[in-house]
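# Report on the structure
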Amino acid sequence: MSPQTYGDCWRTVRLYCAAAPTFLAREWVNVAWKQLAASRRWGFQRGELRLTINAARTVSPVTVTRGSATVSSAGLFLAADAGRQFRVGSQAAAYTIQTVTDVNTIVLDQAYGDASSATASASIHDGYATMPVDFGSFRLIADPYNQRRLAFWIHEDELNVLDPARQASDTGPRLLAARAPSTYTPTLGRMQYEYWPRPTADRSYPALYNKQADNLNDTDTFTGVLADGAQVLIAGALAQAAQWPGTRDQPNPYFNATLAVTKQREFLDGIQKLALRDDEIYPDDLSRIHWERWALADLAYNDQSLRATDATLADLY
């Protein structure tokens, strides 16, 4: 049996409910799809990404003016600096570079708030990791340099206690802390994490994540347990169709409250059956180490997590 597509689903819905306009049948399937996707962490909704960090560099001298978002230099800026972080000296404030006007001028995402200077020494670095549009949550961030996981279950409020001025730096981070959404225009509003300690060297970290459901397109093919189980989405869409009375000029013959309840039950039962099949392929419910219980101070002040997770047996002694 060929994998089914979103187009197959909404067209099937219209066979049952011919009075429904195309856009409404499409919306019903999309609603059912998002309800199904939100019901658990499905194996077919896993994604892979790579967190790439470019080496930090010093730019000096630069001219910064309190109350102005514009920073100038004598040809020190690069087009690739857009979206990176800018910081003067060891001050706590880090700004995102919103625009690189030219090699002499950049514009920050907010007005510079510290003392003006015509001879300031600043750093440009990758302080934040911006997530893909379909990002839901992390499953794993692997640290290939130290053979361990990078923590991602930490919020920036905890960093504000541990290192409020963000003085710590290292060649690579030990954790990613959830922070406010991106302010950089091309990625505005997307989920963002802060690297800690502030990374200074080129690094690359492979990661696995759970995807969020987005609106489907006609040619989108269902994968995993949905490849031959898309009838569950049809049931969810028909549950909505049976609640739609139609219009005054064209009543909906499929409108039936009892049928709506029956189809909704069929939809929920179908999700449960697919979940059991999904567990056989991606056994998320198996016992695991509760990494989130590890103290934040352990990541900051000693190498216990490294010694306890390294693949080399000698490192355990």
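All residue numbers refer to position in the chain's written sequence, counted from 1. Only residues with pLDDT of 70 or above have their local features reported here, since the model is predicted, and side-chain atom pairs are shown and tallied only from 80 upward, although totals for entire chains, interfaces and linings are computed over all residues. Where side-chain values are given, they derive from all heavy atoms of the structure, hydrogens and water being excluded.

The subject of this paragraph is the pattern of salt bridges. Any carboxyl oxygen of Asp or Glu that lies within 4 Å of a side-chain nitrogen of Lys or Arg is treated as forming a salt bridge with it. Scanning the entire structure with this criterion turns up eleven salt bridges. Ionic pairing is found between Asp279 and Arg40, a salt bridge with its closest N-O pair at 3.0 Å. Remark: Arg40 occurs in the loop between helix H2 (22-38) and strand S1 (46-53) and Asp279 occurs in helix H5 (residues 257-281); sequence separation between them is 239 residues. The buried label applies to any residue whose accessible area, calculated with a 1.4 Å probe on protein chains only, is under 20% of its type's maximum; exposed applies above 50%, and partly exposed to all values in between. For Asp279, a relative accessible area of 19% corresponds to the buried category. Note that Arg148 is salt-bridged to Asp143, the shortest N-O span being 3.7 Å. Put simply, Arg11, Arg26 and Asp218 are held in one network by salt bridges that share partners. Think of it this way: any DSSP run of H or I at least four residues long counts as a helix, any run of E at least two long counts as a strand, and we number them from the N terminus.

Only strands that DSSP links by at least two bridges are regarded as paired with each other. Reading around the circumference, S2-S3-S6-S5-S4-S7 is the order of the six strands in this closed barrel, with antiparallel pairing throughout. Within this sheet the neighbouring strands show an average axis-to-axis angle of 45°, counted without direction. In the sheet, strand S2 (residues 57-64) pairs with strand S3 (residues 70-73) via two bridges, with the strands oriented antiparallel. Its bridge partner lying in S3, Thr63 is registered against Ser72. Structural elements are reduced to axes, namely lines fitted to C-alpha atoms, with helices fitted over the stretch in contact, and the angle between N-to-C directions of any two is expressed from 0 to 180 degrees.

At a closest axis distance of 8 Å, the pairing of H2 and helix H4 (residues 231-241) adopts a crossing angle of 120°. Considered as vectors, H2 and H4 are oriented oblique to each other. Every pair of crossing elements has a handedness; the one defined by H2 and H4 is right-handed. Contacts from Trp28, Val29, Val31, Ala32, Trp33 and Leu36 in H2 reach Val232, Leu233, Gly236, Ala237, Gln240 and Ala241 in H4. Residues of the contact of H2 with H4, tallied by class, amount to ten nonpolar, two polar and no charged. Roughly parallel here means an angle under 35 degrees, roughly antiparallel means over 145, roughly perpendicular means 65 to 115, and every remaining angle is called oblique. Handedness of a helix crossing follows the sense of rotation of the near helix relative to the far helix, less than a right angle counterclockwise being left-handed and clockwise being right-handed. Contacts are assigned to residue pairs that have any heavy atoms within 4.5 Å of one another. Classification convention: Asp, Glu, Lys, Arg as charged; Ala, Val, Leu, Ile, Met, Phe, Trp, Tyr, Cys, Pro as nonpolar; all other residues, Gly among them, as polar.

Our focus in this paragraph is the side chain of Glu156. Following the sequence through the fold, Glu156 ends up in helix H3 (residues 156-162). Although buried, Glu156 forms no salt bridge, and the nearest oppositely charged side chain, Arg179, lies 4.2 Å from it. Excluding residues within four positions of it along the chain, Glu156 makes contact with Arg166, Ala177, Ala178, Arg179, Ala180 and Glu194. By the counting rule applied here, Lys and Arg register as positive and Asp and Glu as negative, while His and the ends of each chain are not counted.

Before going further, it helps to examine the environment of Arg40. C-alpha separation for the pair Arg40 and Ile271, spaced 231 residues apart in sequence, amounts to 9.5 Å. The residues contacting Arg40, other than those within four sequence positions of it, are Ala275, Asp278 and Asp279.

Note on placement: Val133 falls in the loop between strand S8 (128-130) and strand S9 (135-143). Placed 79 residues apart in sequence, Val133 and Gln212 show a C-alpha to C-alpha distance of 8.5 Å. With sequence-adjacent residues up to four places away left out, Val133 is seen in contact with Arg190 and Gln212.

Time to look at the pairing of strand S6 (residues 105-108). The pairing of S3 with S6 spans three bridges and is classified as antiparallel. Residue Ser72 lies in a different strand from S6, and its bridge partner there is Thr105. The loop that links strand S5 (residues 95-102) with its antiparallel partner S6 comprises two residues.

With respect to the element layout, Ser73 can be found in strand S3. Classification of Ser73 by relative accessible area gives buried; the value is 13%. Those residues within four positions of Ser73 in sequence are excluded, and the remaining contacts are Pro61, Val62, Val103 and Asn104.

So, about H4. The buried count for H4 comes to ten of eleven residues, which makes it a mostly enclosed element. Among all positions of H4, only Val232, Leu233, Ile234, Ala235, Gly236, Ala237, Leu238, Ala239, Gln240 and Ala241 are buried.

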